[in-house]
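The primary structure of each chain is shown beneath.
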Amino acid sequence: MSEVVEIGKEEREFIEEIEKVSGVNIYSCYQCGKCSAGCPFSFKMDKTVNQIIHYIQLGLKDKAMNANTMWVCASCLTCSVRCPRDVDVAAIMEALREITLRKNPEKVRISEIPKDVREKMPNIALVGNFRKTTG
Amino acid sequence: MVKYSYFPGCNLKTNAKGYEDSAVIVSKKLDAELVEMPKWNCCGTVHTMATDNLMKRIAPVRNLARAKKHVDMLENSPKEVVTLCSMCNSTLKIVNDEVKIDPSKLETINYILSEHDETYDGSMEVKHYLQILRDVVGFDKIRKKVSRSLDGFKVFAYYGCMLLHPEHAAIDDPEQPSIMEELVEALGAEAILTPYFKTCCGSYHTLDQPELVSHQVKKIVDGAKAAGANAIMVACPLCGYNLDKTQKDLEKQGKLQGPLPVFYFTQLMAIAIGEPLEINHFENNFVDPHKLLKELGIEG
């Protein structure tokens, strides 16, 4: 079944926002899927990384933003290193997170982390996580 | 004796104390001494990939400015700041490259730093201590310093992500590195290769998605065991924590038998060079390394 997508003002604004925050030309991606093939976390994602990029290319904000993909991404950068088009794929995931966190800054609620977890967890895990999941 | 301005980062002072203590003592033996820089602050752990957020770049630049000052005070010290933690390394390196390429970013950050009479001139390089070992000290010299060969150790060198990614901050070939294996062999141990040498352990998701980390660690460790490893070597305190702690959890849950002890590369070096075992702070390990050390006759 084919679907016709019209890229109107709203869609264009979303695409431009992603491109501005990530510094990536979203249309550089030609959908080869190498990012998703090498991603160690694809199995946990609702939509694979290249599917998310495709949504962005079409301006489908809700589909891109509602998938768990950006939150499963651990910023290991395997995708960015391997992209044959030099697309910084991980930066696109970062842009999705940033755009979300700038409106809703608490994906992870620090106050809800149990005290014993907070005290035993190495600082590197705490700071790293808060940098990616809070605004 | 070359002295390096050394940036520890937070974890080298806490759960990876054995990493720092072993590294500092080894560095003196190799005439490439790590001297802690004064007044360092957290680098931010993970680099921000958002192009429009300079705030998250202030901490790394402040550290670079202070390291520069430190280098000027030390005698015989190259304009380099050296790290042990691979996450600190990549964060500092990436931001250093960014401000060198874009002086306007540096200017804005310097404006903030100037409130405390600090400024960064973009003249420093960021190095991981593994790079110093390979490029300055040389593995041959390390081989000659070995007094207690690690014969019998079958070491899977786990690189993790940040030693090799992104490409411009990589310490070796991002897809086919050999720096850690060369070190392993210089110490008299056998290097075990597996396809999982840089499969991400789940990193900071250990806090909010521990099941993801468990899945990764099981895959990585099963791969290492199938290839015949009896030890894992790491260079990152977060990889170290995830691999070590999660193996213990998996063992308790009956999902993993015979977990592999996790060593920082400097701990294996300290053992091979004949330093007292206490400096490695193995009491902080979850999977007990003493069993293997006894089996191989390192410990009585």
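S.K.: Is there a simple way to explain the overall build of chain A in this structure?
M.R.: Secondary structure summary: chain A contains nine helices and zero strands in total. Listed by position from the N terminus, the elements making up chain A come as α-α-α-α-α-α-α-α-α. Projected onto its principal axes, the C-alpha coordinates of chain A cover approximately 50 × 30 × 30 Å. Out of the 135 residues belonging to chain A, those deemed buried represent 51%. For chain A, the proportion of contacts with a sequence separation of at least 24, taken over those separated by at least 6, is 64%.

S.K.: What should I look at first to understand the sheet that holds strand β5 (residues 154-157) of chain B in this one?
M.R.: Backbone-to-backbone hydrogen bonds join strands into a sheet, with any given pair of strands oriented parallel or antiparallel. All names here are of chain B. Pairing is parallel in the open sheet, where four strands are placed in the order β6-β5-β7-β8. With one partner strand each, in any of the chains shown, β6 (190-192) and β8 (262-264) form the two edges of the open sheet. Averaged over all neighbouring strand pairs, the angle between strand axes comes to 40 degrees, with direction disregarded.

S.K.: Quick question: what am I supposed to make of the domain arrangement of chain A here?
M.R.: One frequent convention defines the size of an interface as the accessible area lost when the parts assemble. Residues and elements named next belong to chain A. You can read the domains of chain A as domain 1 (9-104) and domain 2 (108-135). Once you take the C-alpha centre of each, domain 1 and domain 2 turn out to be 24 Å apart. Taken together, the contact between domain 1 and domain 2 spans five residues of the former and four residues of the latter. Of the roughly 360 Å² buried between domain 1 and domain 2, counting both surfaces, carbon and sulfur atoms make up 54%. Joining domain 1 to domain 2, the criterion identifies one salt bridge. Across the pair E94 and K132 runs a salt bridge whose closest N-O atoms are separated by 2.9 Å. A total of three residues in the side of domain 1 that touches domain 2 trace back to one element, the largest contributor, which is helix α7 (residues 89-103).

S.K.: What is the right way to read the interface of chain B and chain A from this model?
M.R.: Counting residues at the interface gives 44 residues for chain B, matched by 41 residues for chain A. Around 3,500 Å² of area is buried between chain B and chain A when both sides are counted, 62% of it from carbon and sulfur atoms. Area buried by chain B at its contact with chain A is led by M49(B), Y204(B) and L207(B), which between them contribute 23% of it. Counting the contacts that link chain B with chain A gives four salt bridges. D52(B) is the partner of K20(A) in a salt bridge, and the nearest nitrogen-oxygen pair spans 3.4 Å. On inspection of chain B and its partner chain A, the count reaches 20 residue pairs in polar contact (both at pLDDT 80 or more). For the side of chain B that touches chain A, the secondary structure elements donating two or more residues are α8 (205-208), α9 (210-226) and α10 (237-252) of chain B. Ranked by residue count, the leading element in the side of chain B that touches chain A is α9(B), at five residues. Grouping the constituent residues of the side of chain B that touches chain A by class yields 18 nonpolar, 18 polar and eight charged.

S.K.: In this structure, what is going on with the pairing of β5(B)? I would like to understand it.
M.R.: Consecutive side chains along a regular strand alternate between the two faces of the sheet. Residues and elements named next belong to chain B. Here three bridges tie β5 to β6, and the two strands are oriented parallel to one another. Within β6, the position partnered with F156 by the bridge is I192. You can see the chain leave β5, run along helix α7 (residues 179-186) and come back into β6, and the turn it takes is right-handed. Of the strand pairs in this sheet, β5 and strand β7 (residues 231-234) are connected by three bridges, and their pairing is parallel. Among the inter-strand pairings, F156 is bridged to a residue of β7, identified as I232.

S.K.: Looking at this model, I keep getting lost on the sheet that holds strand β3 (residues 80-83) of chain B. Mind explaining?
M.R.: Residues and elements named next belong to chain B. Spatially, the four strands line up as an open sheet ordered β2-β1-β3-β4, and their pairing is parallel. Two strands lie at the open edges of the sheet, namely β2 (32-36) and β4 (125-128), each paired on one side alone. Pairs of neighbouring strands in the sheet enclose a mean axial angle of 45 degrees, with direction left out of account. Its contacts with the sheet place helix α3 (residues 86-101) against β1 (2-7), β3 and β4, and it is angled at close to 160 degrees to β4.

What counts and how
Residues numbered from 1 in each chain as written. Chains lettered and ligands numbered in written order. Predicted model: local features only at pLDDT ≥ 70, side-chain atom pairs only at ≥ 80, totals over all residues. Heavy atoms only, no water. Helix = DSSP H or I, 4+ residues; strand = E, 2+ residues; numbered from the N terminus. Buried < 20%, exposed > 50% of the residue type's maximum accessible area, 1.4 Å probe, protein only. Contact = heavy atoms within 4.5 Å. Pairing = 2+ DSSP bridges. Axes fitted to C-alpha atoms, helices over the stretch in contact; angles between N-to-C directions. Domains from an automatic or database assignment. Buried area = accessible area lost by both parts, 1.4 Å probe. Salt bridge = Lys/Arg side-chain N within 4 Å of Asp/Glu carboxyl O. Polar contact = N/O pair within 3.5 Å; in protein donor to acceptor, adjacent residues only side chain to side chain. Nonpolar A, V, L, I, M, F, W, Y, C, P; charged D, E, K, R; others polar. Right-handed = clockwise from strand over helix to strand, strands pointing away.

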